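Each chain, written out:
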Amino acid sequence: MRVTLVHPAGFNFVPGQPDFSVLANRMAPIGILQLASWLEKHGHPTQVHDCLGPYAPPTIEENAEQVLTTDPEMVGFSATTSGFMDAVDLAAYIKARRPHVKIFFGNVHVSSIGAPLLEHFPEIDYLCIGEGEGAILDIAEGLADMCDGGIEGLSIPHEAMLRLYAKAQSLGLPVRGHTDQYRDVDGAAALARIGARSADHLEYANEAGIAAMARAGTVAMLLPGSTLFLRETKRPPVETFRREGVAMALATNCNPGSSPTLSPLLVLALGCTMFRMTPEEALRGYTVNAARVLGREDRIGRLATGYQADFVVWGVAEPAALCYWLGGNPCRQVVKAGKVVRDSRA
């Protein structure tokens, strides 16, 4: 994908205050230069346009025209608060001229405000919250295959997250969400209403929301690593999921804040001991139902004719043993797409 990264000029839009933005922002755009190098390394031709550079024209229109001369398929803007509105004006001009160009916004202003920006600024297709290397490369390579968010009533309002989901779905991305982890915010029902692939955590999910999940086919993604690490005492209502026919999946939820969990085998064991899943439910949760959440249930997740040959050979007497032992790794062989990628039998 052809990418152009833009450093907007910016201005102080607070009435009566001196405007030092141009002086403060006049520096080498090291961040987007690094991103450009990263994209080039992965085969995506990338240009950088600095609106405060020595040869940059003075107007929004002229700068936008220079960006368009690079024939981009995606334009990324790295904007502080003072530069954000200039970036929006540039994006609006580019979208008006070439509606197919993807517009990507990042940096501190976006990371601070997040999803509500998508409602107020329809020119923006994608937001990058935090570091940009992974997100922008995923977009450039067409690897963004899902929008993952949270409906918890904490830092991002419920309505703002639903707007983010609506934007993602308008771009053809399925959605999933973390919800009802700390209290009942009726998130299970909200995610079911929009056809989310999964609702995650769900310790406080109510029965009406679970019934809605069953009707919508939304999978209950259970994350016992988080429960263990946060020392939570509330467990997800597994028995209600069973009764209502909601498919259950398992995952590590590996992250440094609430679930530094690296072991799928540990998650299988915790699913059975802490959440009272059966071994069959736990194993299906890590295979068949996990593939369903990813939207790949037609090609991975089970051993069957026509499916990709991804599997592990375990040194155990029966499948339930994988959910029993705490610690250790009885893996003997890993096969990926029909090829042996690890063999520890010797």
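Just above sits the structure.
Note that the structure is a prediction, hence the values are computed from the model and not measured. Here the residue numbers are simple positions, counted from 1 along each chain's written sequence. For this predicted model, a pLDDT threshold of at least 70 governs which residues receive local features, and a threshold of 80 or more governs which side-chain atom pairs are given and counted, while totals over whole chains, interfaces and linings are taken from all residues. Values reported for side chains reflect all heavy atoms of the structure, with hydrogen atoms and water molecules removed beforehand.

Caption draft 1: Local environment of the overall build of the chain. To qualify as a helix, a DSSP run of H or I must reach at least 4 residues; to qualify as a strand, a run of E must reach at least 2; elements of each kind are numbered from the N terminus. Along the chain, the regular secondary structure elements total 15 helices and 13 strands. On the principal axes, the C-alpha backbone points of the chain span a range of 70 × 50 × 35 Å. Note on exposure labels: buried denotes an accessible area under 20% of the residue type's maximum, exposed denotes more than 50%, and partly exposed covers the range between, all computed with a 1.4 Å probe on protein chains only. The 346 residues of the chain split such that 45% are buried. Residue contacts are defined here by distance: any two heavy atoms, one from each residue, within 4.5 Å place the two residues in contact. Considering only intrachain contacts with a sequence separation of at least 6, the fraction spanning at least 24 residues in the chain is 60%. Here the positive residues are Lys and Arg and the negative ones are Asp and Glu; neither His nor the chain ends is included. Where a charge lies is defined by one atom per residue type: Lys uses NZ, Arg uses CZ, Asp uses CG and Glu uses CD. Computing the positive centroid from 30 side-chain charges and the negative centroid from 37, the chain places the two 8 Å apart.

Caption draft 2: Looking closely at the sheet that holds strand E3 (residues 74-78). If DSSP finds at least two bridges between two strands, the strands pair. Ordered in space as E2-E1-E3-E4-E5, the five strands form an open sheet in which the pairing is parallel. Whereas interior strands pair on both sides, the edge strands pair on one side only; in this sheet they are strand E2 (46-50) and strand E5 (126-127). One ladder, built from five bridges, connects E3 with strand E4 (residues 102-106); its direction is parallel. Bridged to Met74 within E4 is Lys102. Orientation is described by lines fitted to C-alpha atoms, with helices fitted over the stretch in contact, and by angles between N-to-C directions that extend from 0 to 180 degrees. Those strands touched by helix H4 (residues 81-97) are strand E1 (3-7), E3 and E4, and its axis lies near 175° from that of E4.

Caption draft 3: Region of interest: the pairing of E4. For E4, the buried fraction is high: four of the five residues fall into the buried class. Between the parallel elements E3 and E4, the chain passes through H4 in a crossover that is right-handed. When E4 meets E5, the two strands line up parallel, connected through two bridges. Bridging from a neighbouring strand, Phe105 pairs with Leu127 of E5. Convention used here: a crossover is right-handed provided that the path from the first strand, over the helix, to the second strand proceeds clockwise when the strands point away from the viewer.

Caption draft 4: Structural detail: the packing of helix H3 (residues 60-68) against H4. Relative to each other, H3 and H4 sit at 55°, their axes nearing to 9 Å. When the axis of H3 is compared with that of H4, the two are oblique. Judged by the twist between their axes, the crossing of H3 over H4 is right-handed. Where H3 approaches H4, its residues Ile60, Glu61, Asn63, Ala64, Glu65, Val67 and Leu68 are matched on the opposing element by Asp86, Asp89, Leu90, Tyr93, Ile94 and Arg97. Residues were grouped as follows: Ala, Val, Leu, Ile, Met, Phe, Trp, Tyr, Cys and Pro as nonpolar; Asp, Glu, Lys and Arg as charged; and all remaining residues, including Gly, as polar. Split by residue class, the contact of H3 with H4 holds seven nonpolar, one polar and five charged. An angle counts as roughly parallel when it lies under 35 degrees, as roughly antiparallel when it exceeds 145, as roughly perpendicular when it falls between 65 and 115, and as oblique in every other case. Two helices crossing with the near one rotated counterclockwise from the far one by less than a right angle form a left-handed crossing, whereas a clockwise rotation gives a right-handed crossing.

Caption draft 5: Expanded view of the pattern of salt bridges. A carboxyl oxygen of Asp or Glu within 4 Å of a side-chain nitrogen of Lys or Arg is what we treat as a salt bridge. Evaluation of the coordinates by the stated rule reveals 15 salt bridges. For Arg242, the salt bridge identified is with Glu239, shortest N-O distance 2.9 Å. Highlighted residues: Arg242 and Glu239, both in helix H12 (residues 238-244), separated by three residues, approximately one helical turn. Accessibility expressed as a relative area gives 30% for Arg242, which makes it partly exposed.

Caption draft 6: Spotlight on the environment of Phe84. Considering the arrangement of structural elements, one finds Phe84 in helix H4. Along the primary structure Phe84 and Asn107 are separated by 23 residues, whereas in three dimensions their C-alpha atoms are 9.6 Å apart. With residues near it in sequence (within four places) discarded, Phe84 still touches Ala79, Phe105, His109, Val110, Leu117, Phe121 and Ile124.

Caption draft 7: Layout of the sheet that holds strand E6 (residues 147-151). Read from one edge to the other, the open sheet built from five strands follows the order E6-E7-E8-E9-E10, with strand pairing classed as parallel. Two strands bound the open sheet, and with one partner strand each, they are E6 and strand E10 (248-250). The average angle at which neighbouring strand axes cross in this sheet is 30°, direction not considered. Judged from the three bridges that link them, strand E7 (residues 175-179) and strand E8 (residues 198-201) form a sheet pairing that is parallel.

Caption draft 8: Local environment of unusual backbone geometry. In this model, His201 sits at a positive phi of 80°, which is unusual for a non-glycine residue. Residue position: His201 is located in strand E8.

Caption draft 9: Fine view of the side chain of Asn63. The topology assignment puts Asn63 in helix H3. A polar side-chain atom of Asn63 sits 2.8 Å from the main-chain carbonyl oxygen of Thr59. Asn63 has contacts with His49, Cys51, Ala56, Pro57, Pro58 and Leu90, leaving out every residue within four places of it along the chain. Polar contacts, as counted here, are pairs of nitrogen or oxygen atoms within 3.5 Å of one another; within protein the pair requires one atom able to donate a hydrogen and one able to accept it, and residues that are adjacent in sequence qualify only if both atoms are side-chain atoms.

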